[in-house]
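Below are the chains, spelled out letter by letter.
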Amino acid sequence: MKNYSLNDENAEQFITNVCASSDGTLIVEFADGKVFQHIEACDENLEKIIAAQEEQAKKGIESYRKFKNRERSSAFKTAVSGLGIAAAGVGATFIPTIHEMVQTNHPALVYTGIGVVAILGTIPAYSKLRKNRQDVEELDKLRYREEHLEDLQNIFSYPNALVGVNPRLAKWILKQDDPFCILFTDKYSLRDLQQIVSNIEVEKTFDFTYKETTK
């Protein structure tokens, strides 16, 4: 899960990742960089983690506008940064020393160098844009999941819900008891959810009867 804490204090208790250790215990990672290890993989601990991440997702969705504004702001700054550095680079060619370099060297090489500088100069801004965009994309997925959670949790009542879904993902879903638990949100994309929900809607519309099969 992306970090949706809006300050350092909240980051201390914001769970970003949970994974199994080789010894069968859980490893929990927090937004401030802490890593807790050797946590017993019992139902009680899992319920605590799930409840915490569900609440985190809820608060992230409630703050969606703030994260969307961050994305827009970083996109604008990235564009301005690139144009500004490129303009400065071209303008520099009018400085006598630089102008002489253009005249005495192959112009293409000089302008290529200016382009490289411009690209390198925009990397910090682009990195921030990429992070903010990933935050918004995950929030879009979490919002969609929340809106359609009842149908998703009843996916095994719809035999054709996984039509058109990546076979590897479909196989994984069929092996889980609760595939749309908050712990598994990294397993699928927004598009995957939309495909599944669309299939369920079709099933509801036609209300087909099926031969009984095992999961």
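Residues numbered from 1 in each chain as written. Predicted model: local features only at pLDDT ≥ 70, side-chain atom pairs only at ≥ 80, totals over all residues. Heavy atoms only, no water.

**A word on the environment of isoleucine 196**
Filter applied, for reference: For helices the rule is a DSSP run of H or I covering at least 4 residues; for strands it is a run of E covering at least 2, with both sets numbered from the N terminus onward. Only heavy atoms enter the contact rule, under which two residues are in contact if any of them lie within 4.5 Å.
Along the chain, the position of isoleucine 196 falls in helix H8 (residues 190–206). Once you skip the residues sitting within four places of it in the chain, isoleucine 196 turns out to touch Leu152, Ile155, Ala161, Leu162, Val165, Ile173 and Phe180.

**A look at H8**
Since there are 3.6 residues in each turn of an α-helix, residues three or four apart along the chain are aligned in direction. Let me state the cut-off plainly: Multiplying 1.5 Å by the helix residue count minus one yields the expected span of that helix.
Here H8 spans 25 Å end to end across 17 residues, near enough to the 24 Å set by a 1.5 Å rise per residue. A positive phi of about 50° marks aspartate 207, the residue just after H8.

**Observations regarding the sheet that holds strand S2 (residues 26–30)**
Note the cut-off: Being paired, for any two strands, means DSSP has found at least two bridges between them. To get an axis, fit a line to the C-alpha atoms, keeping to the stretch in contact for a helix; angles then go from 0 to 180 degrees between the N-to-C directions.
Strand order in this open sheet of three strands is S1-S2-S3, and the pairing throughout is antiparallel. Looking at which strands have only one partner, the edges of the open sheet turn out to be strand S1 (15–20) and strand S3 (35–39). When the angles between neighbouring strand axes are averaged without regard to direction, this sheet yields 15°. Note: S2 against S3, three bridges, orientation antiparallel. For valine 28, the partnering residue across the bridge sits in S3 and is phenylalanine 36.

**Here we look at the pattern of salt bridges**
The criterion, for reference: Any carboxyl oxygen of Asp or Glu that lies within 4 Å of a side-chain nitrogen of Lys or Arg is treated as forming a salt bridge with it. Residue exposure (1.4 Å probe, protein chains only): buried if accessible area is under 20% of the type maximum, exposed if over 50%, otherwise partly exposed.
The final tally for this structure, using the stated rule, is six salt bridges. Between aspartate 135 and lysine 131 there is a salt bridge, and its shortest N-O distance comes to 2.9 Å. Here the residue aspartate 135 and the residue lysine 131 both occupy positions in helix H5 (residues 107–147), the gap between them amounting to four residues, near one helical turn. Arginine 143 is the partner of aspartate 140 in a salt bridge, and the nearest nitrogen-oxygen pair spans 3.8 Å. Residue aspartate 140 and its partner arginine 143 are both found in helix H5; the two are separated by three residues, about one turn of the helix. Classification of aspartate 140 as partly exposed rests on a relative accessible area of 24%.

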